[in-house]
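Okay, here's what each chain looks like letter by letter:
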Amino acid sequence: MTTTATVATPAADTVDVAASARRHSAELERLIQQTPGRFRVMTGDRPTGPLHLGHYFGTLHNRVRLQDLGVDVFVIIADYQVLTDRDLAERLSEHMEGMLLDYLAVGIDPERSTIFNHSAVPALNQLMLPFLSLVSVAELNRNPTVKDEIAHSRQAAVSGLMFTYPVHQAADILFCKGNLVPVGQDQLPHLEVTRTVARRFDERYGPVFPEPDALLSAAPMLLGTDGTKMSKSRGNSIALGATADETARLIKGAKTDAERRITYEPETRPGVSSLVLLAALCLDRDPHAVAEEIGGGGAAALKRTVTDAVNSRFAPIRARRAEYARDLAYVRSVLRAGNERANEIAEATLDEVRGVMGGVL
């Protein structure tokens, strides 16, 4: 490690890391366009509630884009991680089924992508033991993403499983030797743990795992109907499976402000601007142009525009979702096939790990 004569402030460090990640992501995008087959993406969600519009514009749309470019995409339904949210575990089957319907409806193609659930791949979890031996308690304790997860937890005490969340995620990514992980800037510390685990394992035992790169998402931040971050757990989101009437009702109740003229100013008018952005994303237009068009129409005109834009954009997705819901036998067969492929890969990776570790696992 080298040092310099000056020491950057934490804020400067954060800016530098983010800027570096953006530059690297731009280069990765160029390489994806050239040779998509060299990349394997690992991504996924915890089945703690219905997927919503924030998920669509934040991650789901990008997964379909990468799949369509020819990237090998793995999507994990992280059901084991719901154990960190024990009050939600009783509805696990319902949430998993809904998530499968959403994935298929938005265009994730099981012929080109692998959808599987965590608990169906036991070899994946066997990687946790050697991986945990490669990180210190201090490293886990200072991970900012873990701190945020703990802060928003509704539990009286923090479980060991939540504390080891980044290592759990490392096993999710590395079991299939994923080398590309789409993330938001706030998730960079999580991915750095995975990179550290891969590097330390290879240094200690021999080359097995790649150090996955972060594909930094330029996903827009959509606020929930209450003006805070859109979240499954906060009851402020518009689910992908919502009906047109439900969507209209939720948007009608969304938080705005007292100023009549509609403008797009995210810093000073977050609620109004988030609605403008949602309409713009659905219409594939610039948010400033959408705001200018609404002008002095006020919140009522804004909400009508947003409602019409959302319902028009998502009508085909909702129709496909309803069609898949009428054939749940097929939907479940998709998960079984994905689980089979994930198991084959996980067993092969575990055999390789046993080989370099001298058969101790």
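In this text, all values refer to a predicted model and were calculated from it rather than measured experimentally.

Enquirer: I keep staring at helix H10 (residues 188-205) and nothing clicks. Help me out?
Expert: Along an α-helix, residues three or four positions apart point the same way, because every turn accommodates 3.6 residues. The terminal C-alpha atoms of H10, which comprises 18 residues, lie 26 Å apart, in line with the 26 Å expected from a rise of 1.5 Å per residue. Within the span of H10, buried status applies to Leu-188, His-190, Leu-191, Val-193, Thr-194, Thr-196, Val-197, Ala-198, Phe-201 and Asp-202. Just beyond H10, the residue with positive phi is Gly-206, at close to 135 degrees.

Enquirer: Mind showing me how you'd approach the environment of Glu-323 here?
Expert: Mapping Glu-323 onto the fold places it in helix H14 (residues 298-325). Once the C-alpha coordinates of Glu-323 and Leu-101 are considered, the two residues, 222 residues apart in sequence, prove to be 9.3 Å apart.

Enquirer: Help me out: how do you make sense of helix H12 (residues 270-283) in this one?
Expert: Helix length check: H12, at 14 residues, gives a terminal C-alpha distance of 20 Å against a target of 20 Å (1.5 Å per residue), a fit within 8%. With 11 of 14 residues buried, H12 lies mostly within the body of the structure. On its buried face, H12 sits against helix H2 (53-69), helix H13 (287-294) and H14. Downstream of H12 by a residue or two, Asp-284 has a phi angle that is positive, lying close to 55 degrees.

Enquirer: What am I meant to see in the side chain of Thr-349 here?
Expert: With respect to the helices and strands, the residue Thr-349 is situated in helix H15 (residues 328-357). For Thr-349, the residues in contact, after removing those within four places along its chain, are Leu-174, Phe-175, Lys-177 and Phe-209.

Enquirer: What is the right way to read the nonpolar core from this model?
Expert: Considering soluble globular proteins, one finds that nonpolar side chains tend to be buried as a cluster. In terms of nonpolar packing, the biggest core is built from 58 residues, with Tyr-103 and Phe-314 touching the most fellow members. Of all elements in the fold, only helix H1 (10-34), H2, strand E2 (72-77), helix H3 (92-106), H12, H13, H14 and H15 reach the threshold of two or more residues within this core. For Tyr-103, the residues in contact, after removing those within four places along its chain, are Gly-44, Asp-45, Leu-51, Leu-60, Arg-63, Val-75, Ile-76, Ile-77, Ile-108 and Ile-115. Residues Ala-21, Val-167, Ile-173 and Cys-176 belong to the second largest nonpolar core, which totals 39 residues.

Enquirer: Help me understand unusual backbone geometry in this model?
Expert: Of all residues except glycine, most have a negative phi; of all peptide bonds, most are trans. The phi dihedral of Lys-177 is positive, around 55 degrees, even though this residue is not glycine. Among the secondary structure elements, Lys-177 is positioned in the loop between helix H9 (165-174) and strand E4 (180-183). Assessed through its relative accessible area of 28%, Lys-177 is described here as partly exposed. Positive phi, normally seen in glycine, also occurs at Asp-284, with a value near 55 degrees. As for its position among the elements, Asp-284 is in the loop between H12 and H13. A residue is classified by how much of its surface remains accessible, and Asp-284, at 65% relative accessible area, is exposed.

About the thresholds
- Residues numbered from 1 in each chain as written.
- Predicted model: local features only at pLDDT ≥ 70, side-chain atom pairs only at ≥ 80, totals over all residues.
- Heavy atoms only, no water.
- Helix = DSSP H or I, 4+ residues; strand = E, 2+ residues; numbered from the N terminus.
- Expected span 1.5 Å × (residues − 1).
- Buried < 20%, exposed > 50% of the residue type's maximum accessible area, 1.4 Å probe, protein only.
- Contact = heavy atoms within 4.5 Å.
- Core = buried A, V, L, I, M, F, W, Y, C linked by side-chain atoms within 4.5 Å.

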